[in-house]
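# Tertiary structure, described
Residues per chain, in single letters:
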Amino acid sequence: MTATSGDTPLPSLADAPWLGRHATQAVLSAIESGGYAARVVGGAVRNELIGAPVKDIDVATTAEPREVMRLVEHAGLKAVPTGIEHGTVTVITDHTPLEVTTLRRDIETFGRHARVTFTTDWVEDARRRDFTINAFYCDRTGAVHDPLGGYPDLLARVVRFIGDPHDRIREDYLRILRFFRFTAEYARGAPDAAGLEASVELAAGLSGLSAERIRAEMLRLLAAPRAVDVVDVMEGAGLASRVLGIAETGTLRRLTAIEAALAREPDALLRLAALAAARPGRTLELREKLRLSSAEYERLARMALPDKAFDPEAPEREAKAFIYRHGSETFRDGMLLAWTNSSAPTDDARWRERLSLPERWTAPALPVRGADVMEAGLAAGPAVGRVMRTFEDWWIAEDFPTEHLRLAYALSRFVKANRD
């Protein structure tokens, strides 16, 4: 019998590769062996229904956490109580982690987290979720369950809160950013009007969220297919600048146009640099505002530094020197951001040529070692390092010469200068 959502038949996911995988079936079967129900829930089901890539597999069950642990361990699987007070156990099989969470209903919410109790009612569990397109369940046979009738929204590519948007947002204010992120990822048209209105009215609640949670959602939003249009809507309501301090949506749009012209995949951190006006000094503010990781901050800071290497009119040796000192990826970052902040068109041949330098040229290794310096007549000690640094600066400035006699002559001069 085919399941339906209202008058719309729900397809079977029996042939979904992730459902037939041993790890998935082993977890579902282990729980069902105790007489409980277990279903894959949320994103995996949603994405499979629209043909989008499926990443993580989450399972919902009527079994309580300690019973889940008992059943899966009895089946020879490893169970880790990663969030047992909230009903979540991570089960590892075939080196694959699956989160298994007991059906829940909220007793009390605090805008960032909730106090929950367990239930065996699938509708109650569905109602505490955020959007209708996230409240799908799929059992071991591939039958899809849609207790809140969200399938028509998925077909229409509408991201809509479950019930009253104000209630869902007050449960967790991060849902404001999730609303825009899911709209950028899955929706076809403008954001749902009721969701947008509630997000604007309750925007002050964003101030109570941790910077880490905001950072994660913003980076995922910026990588989404319709990021530019959705960020435009956010900034029209004053939400993007509330989160970032500065939101230059026109600069973001220009960067995405350059990415498209170059057939480059979206780069969330580069897009953040464009949107949030990353400049020297400003990057420090962004690090604090979003609690960027050290690697993210360092990348952002390097790409925001002005350099002659990023000027297509400057000699190419400037770009080569930059690549040698900082690497190809840092060079590409800086070039793309500089191009975005310039007035050059997206098909400018000079910018394309300079950006392609790492594909045409590989930075060579320094042709002199400390042993060479000492062989040239300098005793071991600090002077060896000085000569090496002097030689390297000369070699870079001369555009990386390779002629043996020229290199030997230069080295001898620097050694002699440090002996005298």
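Our subject is the structure that appears above.
Description of the structure in this document. (Residues numbered from 1 in each chain as written. Predicted model: local features only at pLDDT ≥ 70, side-chain atom pairs only at ≥ 80, totals over all residues. Heavy atoms only, no water.)

A tally of helices and strands in the chain yields 23 helices and 11 strands. Taking 2.2 N^0.38 as the reference for a compact globule, 420 residues should give roughly 22 Å; the C-alpha atoms of the chain span a radius of gyration of 28 Å, well beyond that estimate. Dimensions along the principal axes, computed over C-alpha positions, put the chain at roughly 90 × 50 × 40 Å. The burial tally for the chain puts 48% of its 420 residues in the buried class. Looking at the chain as shown, the accessible area adds up to about 19,700 Å², and 50% of this sits on carbon and sulfur atoms. For the chain, the distance from the average site of its 55 positive side-chain charges to the average site of its 61 negative ones is 4 Å. (Helix = DSSP H or I, 4+ residues; strand = E, 2+ residues; numbered from the N terminus. Rg over C-alpha atoms; globule rule 2.2 N^0.38 Å. Buried < 20%, exposed > 50% of the residue type's maximum accessible area, 1.4 Å probe, protein only. Areas by Shrake-Rupley, 256 points an atom, 1.4 Å probe, with all protein chains shown as cover. Lys, Arg positive; Asp, Glu negative; His and termini not counted. Charge placed at Lys NZ, Arg CZ, Asp CG, Glu CD.)

Here we take up the pairing of strand 6 (residues 88-93). Burial within strand 6 is extensive, with five of its six residues counted as buried. Where strand 5 (residues 78-83) hands over to strand 6, the hairpin turn is made up of four residues, of which G87 adopts a positive phi near 95°. As paired elements, strand 6 and strand 7 (residues 96-102) share six bridges and run antiparallel to each other. The partner of T90 across the bridge, within strand 7, is E99. Linking strand 6 back to strand 7 in an antiparallel pair, the connection comprises two residues, with D94 at a positive phi of about 55°. (Pairing = 2+ DSSP bridges.)

The strand order 5-6-7-4-3-10-11 describes an open sheet built from seven strands, whose pairing is mixed. Every other strand in the sheet has two partners, leaving strand 5 and strand 11 (144-145) as the edge strands with one partner each. Of the pairings in the sheet, the one linking strand 10 (residues 137-138) to strand 11 comprises two bridges and is antiparallel in character. Considered in strand 11, the bridge of C138 is made with V144.

Moving on, we get to the side chain of R332. Along the polypeptide, R332 turns up in helix 18 (residues 328-341). If we ignore the near neighbours within four places in the chain, the residues touching R332 are R264, L355, P358 and E359. (Contact = heavy atoms within 4.5 Å.)

Further remarks concern unusual backbone geometry. Residues apart from glycine generally show negative phi values, whereas peptide bonds are mostly found in trans. In this structure, R291 is a non-glycine residue whose phi angle is positive, near 50°. Here R291 shows up in the loop between helix 15 (282-290) and helix 16 (294-304). Despite not being glycine, F400 has its phi angle at roughly 60°, a positive value.

Turning next to the pattern of salt bridges. Evaluation of the coordinates by the stated rule reveals 36 salt bridges. Measuring nitrogen to oxygen at the nearest pair gives 3.6 Å for the salt bridge that ties E124 to R105. Taken as a pair, E124 in helix 5 (residues 122-127) and R105 in strand 8 (residues 104-109) lie far apart in primary sequence, 19 residues in all. Here R105 falls in the partly exposed class, since its relative accessible area comes to 37%. Put simply, K308 and E318 hold a salt bridge, and the shortest N to O gap is 3.5 Å. Of the two residues, K308 sits in the loop between helix 16 and helix 17 (316-326) while E318 sits in helix 17, which places them 10 residues apart along the sequence. (Salt bridge = Lys/Arg side-chain N within 4 Å of Asp/Glu carboxyl O.)

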